[in-house]
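# Structural overview
For reference, the chains in residue letters:
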Amino acid sequence: MSDNVEKITFIIDNISFSSEESGFAAVNAHNEENIDVKLVGTLAMLRVGEKILANGQFKFSEKWGEQFCVKEFEYVKVSGTTEIIALLSSGIIKGIREKTAQRIVDTFGEDTINILDNYPQRLIEVPKLTQKSINNITKYWYEGREIRELTRFLYPYGIAMPFIYRLQKIYGDKAKAIISQNPYQLIEDMHGVGFFKADKIAQAIGFTDTYRRTRAAIIHILREAENDGNAYLPKPQLIQKTAILVKENETTISFSLDFLKNEEVVIEYENDVYLKNLWLIETECAELVQKRIDESKNNNEKLTKEIAEWAEKECKNRKIIANSEQISAVIQAAQSKMFILTGGPGTGKTTTVKMIVDWFKSKNKSIVLSAPTGRAAQRITEISGENAKTIHRLLEYQKGRFTKNNDNPLDGDVFIIDEMSMVDLRLATAFLRAVPDCAHIIFVGDTNQLPSVGVGAVLENLIKSQKVGHIVLKKVFRQAEQSRIVTSAHEICNGTLPKYKNSAEDNCFFIQKETPTEVFETIVDLVCRRLPNSYGFDPKNDIQVITPMHKGDVGTIAMNRELQNKINGKNPSIAFGNRFFATGDKVMQTKNNYSKSVFNGDMGEIIGIDDDILKVRFLNNQIVEYDVFETQDLTHGYCITIHKSQGCEFPAIIVPLVTQHYTMLRRKNIYTALTRAKKICIFVGTYKALAIAVNNYIENIRFGHLADFILKSPPQKCKIKNLREVLLFDIED
């Protein structure tokens, strides 16, 4: 592979593969020296015969040989009658063969492209060209011209080809006009477009409009806050952040904010500012919870006694011991429309859930089990004996929305959601919409774990409201007390620094290494040699490295590169963008993809690569195909971040602890990583790093009013203008 970025002019010869959905294509071309080259990248808009100046790198694939990976390109106007004839007869215009192309060029010469672009009516001058053919040529030339013109317009501003391709698909032939009239419109219309990209275009084309610029900045700041888990920002903070971003005074920002409020783009509540969609979601979620609370039964002494007697017999039959907290949990779950069960490792949460399931089954109630991730759903299936699905699959996503909702509710009497701390505001609201009014809902989780990656802290706010029945399991059972994983977890929760003896009977160890390089080498040796030899663990399927960060000497990037080479290095790898994947690689999905039914955090294995199509087998033998562009949503899974490990359990985990990761050394992070281990956990690093994490209980406060709105309904601040405003909030953009 060459690291040199080169600019080369190519003429497209033929298209090997093209995906209209993603924009990725593999094309054969030749350069100015007439040397054949295979190009790969976001090239689906190219047609045979077109000429481009491409910016990229040569990379070598053992299967496909040398390829030129195009990062970006610009169209070059074909020159000379020979190139024009080749372009017109290439198939870019259906029905035009070489003889027709020759007649067109004979008529207009080197001015042919100008005629097609600006004066297509003059095609009537070409001999033997029918009106039908003229209409056909005009149509297909115009369609191809749209993307060419948009590329020529945006390329000089450093706008990447995948982004240009998305723009053209959204705006069509109006793309250039819309951007020219207001480049900041992109922020509102396209997810993932931030202020800086839109501002760069605006400045480049000389677009000056203070209101539209500050409006865009306000929306950008609120979206950034949402990415950090916040439903709103306090108004003074929003104004200050926006003023700094656009270098305008706060009076100007307040003026723009008032306009946004009048248009109901944002909603202000008690000096806090929401984007409208998040206001609608949070208030609806609160209303749905209130409805459940209002319909919950009062304490029924007869039912309480019946459950207590049933539990006593059940425990005797199963030869288990249940404490008063667990019995109370079953009683509250049976009598409440909504109930929360929380507890740390070893406190009997699994046994309690099983008892709740068995109680409802004894009453012939249908049970629906679910969890945010595939691995969490698989685990609750194993412990309960009931089939569980991910929440996304339970709600049945189709054509841009969840099909299960208040008009088409789920079937079931009792709904149990495990790992509730992972469920964000959007998903929680979509779930509550879909549950029948008469059903029971039971949320199970651990409040000491990290909050959801998405917006909100739903479990925390439900508990904070004190309106939802809640039992915390605190007592650690004697058998669990023998586990050093369990005792370490509780020590960390209590702010106590664990000490490790590393004795043979332990299941949690600490290997002291002072430098990141030593930590790196030790982890690789543990994964590839020591743990497989000592415990029989499979390096790929049983052992998981979990690290706080992506970057650094022991971040996911460096660790995955080395572990892929050590574990799966014998299989030939193929370049997909800037990364190399091979059959047998362990991978993880990093974004929700509803059309493929794979979701953030799902882990799988590459089972084949054929014709630039990568096949991954996920849980339950689900096979998913990715083209090269779509692999940007995949990452290697030998080493994952703590956030991505939520909801998962692994036989053995290894956690690097270095001060290099200072910003992410927090108590909840380490606790979450530790509690992913089923059999063995090994920390590698320094006690100093562990002490920093255990003593760092400062959590980022997430702004949201869910608990307040559960206690007291907010005033009506805006009206839903159409159903789409709500339905699109079911899912992440």
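Thresholds applied
Residues numbered from 1 in each chain as written. Predicted model: local features only at pLDDT ≥ 70, side-chain atom pairs only at ≥ 80, totals over all residues. Heavy atoms only, no water. Helix = DSSP H or I, 4+ residues; strand = E, 2+ residues; numbered from the N terminus. Rg over C-alpha atoms; globule rule 2.2 N^0.38 Å. Buried < 20%, exposed > 50% of the residue type's maximum accessible area, 1.4 Å probe, protein only. Contact = heavy atoms within 4.5 Å. Areas by Shrake-Rupley, 256 points an atom, 1.4 Å probe, with all protein chains shown as cover. Lys, Arg positive; Asp, Glu negative; His and termini not counted. Charge placed at Lys NZ, Arg CZ, Asp CG, Glu CD. Pairing = 2+ DSSP bridges. Axes fitted to C-alpha atoms, helices over the stretch in contact; angles between N-to-C directions. Phe/Tyr/Trp six-rings, centres within 6.5 Å; stacked < 30°, edge-to-face > 60°. Lys NZ or Arg CZ within 6 Å of the ring centre and 35° of its normal. Expected span 1.5 Å × (residues − 1). Parallel < 35°, antiparallel > 145°, perpendicular 65-115°, else oblique. Nonpolar A, V, L, I, M, F, W, Y, C, P; charged D, E, K, R; others polar. 1 Å grid on protein atoms, 1.4 Å probe; cavity = no way out; pocket = protein on both sides within 12 Å on 5 of 7 lines; lining within 4 Å. Points joined across faces, edges and corners; volume = space filled by probe spheres on them. pLDDT = per-residue confidence, 0-100. Polar contact = N/O pair within 3.5 Å; in protein donor to acceptor, adjacent residues only side chain to side chain.

Moving on, we get to the overall build of the protein. Each helix and strand counted, the protein has 27 helices and 28 strands in total. Taking 27 Å as the expected radius of gyration for a compact globule of 733 residues, we find that the protein reaches 30 Å, a close match to that expectation. Dimensions along the principal axes, computed over C-alpha positions, put the protein at roughly 95 × 65 × 55 Å. For the protein, the residues scored as buried account for 56% of the 733 residues in total. Counted over contacts in the protein with a minimum sequence separation of 6, partners at least 24 positions apart contribute 69%. Working note: accessible area of the protein is about 33300 Å², and carbon and sulfur atoms make up 47% of it. Seen as two clouds, the 94 positive and the 92 negative side-chain charges of the protein have centres 3 Å apart.

The strand order across the open sheet built from three strands is β6-β8-β7, with neighbouring strands paired in antiparallel fashion. Edge positions in the sheet fall to β6 (232-234) and β7 (266-269), since each of these pairs with one other strand and no more. For this sheet, the mean angle separating the axes of adjacent strands, direction not counted, is 25°. Sheet topology places β6 next to strand β8 (residues 272-275); three bridges connect them, and they run antiparallel. Paired with leucine 233 across the bridge in β8 is valine 273. Sheet strands touched by helix α9 (residues 210-227): β6, β7 and β8. Its angle to β8, the strand with the most contacts, is close to 90°.

The subject of this paragraph is the packing of aromatic side chains. If you walk through the whole model with that rule in mind, you get 22 aromatic pairs. With a centroid separation of 6.2 Å and 20° between ring planes, the pair formed by tyrosine 500 and phenylalanine 510 is classed as stacked. One end of the pair, tyrosine 500, is in the loop between α20 (484-493) and β17 (508-512); the other, phenylalanine 510, is in strand β17, with ten residues separating them in the sequence. Per residue, the accessibility class of tyrosine 500 equals that of phenylalanine 510, and both read buried. Three or more aromatic residues joined by ring pairs make a cluster, and in this case those are Tyr232, Tyr269, Tyr274, Trp279, Phe703 and Phe709. Here the basic side chain of lysine 596 rests over the ring of tyrosine 626, its NZ or CZ set 5.6 Å away from the ring centre.

Turning next to helix α15 (residues 349-362). Spanning 14 residues, α15 covers 20 Å between terminal C-alpha atoms, matching the ideal 20 Å at 1.5 Å per step. Listed in full, the buried residues belonging to α15 are Lys349, Thr352, Val353, Met355, Ile356, Val357, Asp358, Trp359 and Phe360. Positive backbone phi, at 60°, marks asparagine 364, one or two positions downstream of α15.

Glancing now at the sheet that holds strand β2 (residues 24-31). Backbone-to-backbone hydrogen bonds pair the strands of a sheet. The strands run either parallel or antiparallel. An order of β1-β2-β3-β5-β4 is seen for the five strands of this closed barrel, with the pairing classed as mixed. Mean inter-strand twist for the sheet, computed between neighbouring axes without regard to direction, equals 50°. Note that strand β1 (residues 6-18) and β2 share seven bridges and pair antiparallel. Looking at β2, one finds that phenylalanine 17 is bridged to alanine 26.

Moving on, we get to the packing of α20 against helix α24 (residues 667-674). Think of two packed helices as two axes; the pair is described by the angle between the axes and how far apart they sit. Contact geometry of α20 with α24 gives a least axis separation of 10 Å together with a crossing angle of 170°. When the axis of α20 is compared with that of α24, the two are roughly antiparallel. Together, Ile485, Ser488, Ala489, Ile492 and Cys493 of α20 and Arg667, Ile670, Tyr671 and Leu674 of α24 make up the contact between the two elements. Taken together, the residues of the contact of α20 with α24 break down into seven nonpolar, one polar and one charged.

Here the focus is the layout of surface pockets. Estimates place the volume of the second largest pocket at around 1100 Å³. If you trace the second largest pocket, you find 37 residues lining it, with Pro345, Gly346, Thr347, Gly348 and Thr350 closest to the centre. Contributing elements (two or more residues each) for the lining of the second largest pocket: α15, α16 (374-384), β15 (440-445), α20 and β28 (677-685). Looking at the lining of the second largest pocket residue by residue, the class counts come to twelve nonpolar, 15 polar and ten charged.

The residue asparagine 271 is not glycine, and still its phi comes out positive at about 70°. Tracing the sequence through the fold places asparagine 271 in the loop between β7 and β8. Asparagine 271 sits in the partly exposed class, given a relative accessible area of 37%. Positive phi, normally seen in glycine, also occurs at glutamate 396, with a value near 55°. With respect to the element layout, glutamate 396 can be found in the loop between α17 (391-394) and β12 (397-398).

As a general rule, the predicted coordinates of low-pLDDT regions are not to be interpreted in detail. On average, residues of the protein carry a pLDDT of 87, and 91% of them reach 70 or more. Segment residues 721-733: pLDDT under 50, and 31 contacts once partners within four positions in sequence are set aside and those in other chains are kept.

Right, let's get into the environment of threonine 686. Along the chain, threonine 686 turns up in the loop between β28 and α25 (687-695). Put simply, threonine 686 and methionine 45 are 641 residues apart on the chain and 53 Å apart in space, counted from C-alpha to C-alpha. Every residue in contact with threonine 686, bar those within four places of it in the chain, is listed here: Phe510, Lys513, Glu514 and Leu657. For threonine 686, the side chain forms a polar contact with the main-chain nitrogen of alanine 689, separated by 3.1 Å.

The subject of this paragraph is the pairing of strand β5 (residues 65-76). Sheet topology places strand β3 (residues 36-42) next to β5; two bridges connect them, and they run parallel. Paired with leucine 39 across the bridge in β5 is phenylalanine 68. Of the strand pairs in this sheet, strand β4 (residues 51-61) and β5 are connected by eleven bridges, and their pairing is antiparallel. Bridge assignment links glycine 56 to a residue of β5, and that residue is valine 70.

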